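One letter stands for each residue in the lines below.
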Amino acid sequence: MFSQCELQHSSNNSGLIQPLKLKDEAFITLERLIVNGELAPGQWVSETDLIEASGHKRASVRSAIQRLADQGLISIFPRRGTQICPLDYTQQFRALELRRVVERLISSSAAKRASDKQKETFTQIAEDFREAALKSDQTAMTELDLKNYSLMLQAADNAFASKAMTSVKGLSRRFWVLHQEKYGDVVQMANVHANVASAIASGQPEEAERATSKVIDYVEKFTLEVVGYS
């Protein structure tokens, strides 16, 4: 299974972004459709439906389906079909348990290992997050979250941690996108992510861990509000 940074883009030793592979483009397209709710929780889909929705060829879509299944976004039922996984509150809380440990490791490792070029990009991402906060721009914030997350995995350079995070990130992103309009605070979400990017850019691993903890604290509070326990 590819890590999310590999799914989005690859890099050479200089840290330069390389073109996406077609099979990775198919995954990203379908993951975005699921996260944004265009392929709705609980919806039954055929392979042909996913080909039409993504605009990609059958081989690439088949590869994407398996990756999405590995991440808990799609369920494959032999002889019955494929279903977009329904929302599961228990899974969201379990994902947060993992994120609280692994995401802190990734952010601190990224702060230690990021190249100068990557730190420049983190600085720009932090600025863009703060701009999204000023505008309360949910769409921009969500896209920046994916960009920041992908670069964190790349900079942290820990395939084991990347695999663990990739297993839950799509679920967490979908939960936020589908509930943020009613329960979310886009300004707070964008600002706490900006603080993580800034800490990595400045090479402060302990501060990156603290900032990441605040991200998870907020997402946990948000999740409790969604399920009615706040």
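Above: the structure in question.
The written sequence of each chain sets the order in which its residues are numbered from 1. Two thresholds apply to this predicted model, a pLDDT of at least 70 for residue-level local features and 80 or more for giving and counting side-chain atom pairs, whereas whole-chain, interface and lining totals are computed over all residues. Only hydrogens and water are set aside; all other atoms, that is, all heavy atoms of the structure, feed into the side-chain values.

Residues are called lining when one of their atoms sits within 4 Å of a cavity or pocket point, these points coming from a 1 Å grid over the protein atoms alone, where a cavity is a set in which a 1.4 Å probe fits but cannot get out and a pocket is an open set with protein on both sides within 12 Å along at least five of seven lines. Grid points are joined across faces, edges and corners, and a volume is the space filled by probe spheres set on the points. Applying the stated criterion across every chain yields a total of three cavities of 30 Å³ or more. Space inside the largest cavity adds up to approximately 120 Å³. Secondary-structure elements contributing two or more residues to the lining of the largest cavity are helix H5 (89–113), helix H7 (138–156), helix H8 (159–183), helix H9 (186–201) and helix H10 (205–227). A helix here means a DSSP run of H or I that spans at least four residues, while a strand means a run of E at least two residues long, and both kinds are numbered starting from the N terminus. In terms of residue count, H8 provides more of the lining of the largest cavity than any other element does, five residues in total. Per-class residue counts for the lining of the largest cavity are six nonpolar, four polar and four charged. Three classes are used, and their members are as follows: Ala, Val, Leu, Ile, Met, Phe, Trp, Tyr, Cys and Pro are nonpolar, Asp, Glu, Lys and Arg are charged, and the others, Gly among them, are polar.

Looking along a regular strand, one sees the side chains alternate between the two faces of the sheet. As defined by bridge partners, strand S2 (residues 74–77) adjoins strand S3 (residues 81–84) across four bridges and the pair is classed as antiparallel. Considered in S3, the bridge of Ile-74 is made with Ile-84. Count of turn residues in the S2/S3 antiparallel hairpin: three residues, of which Arg-79 carries a positive phi of about 70 degrees. Between any two strands, at least two bridges found by DSSP are needed for them to pair.

This paragraph deals with the sheet that holds strand S1 (residues 44–45). Strand order across the open sheet formed by three strands is S1-S3-S2, with antiparallel pairing between neighbours. The open sheet is flanked by S1 and S2, the only strands paired with a single partner.

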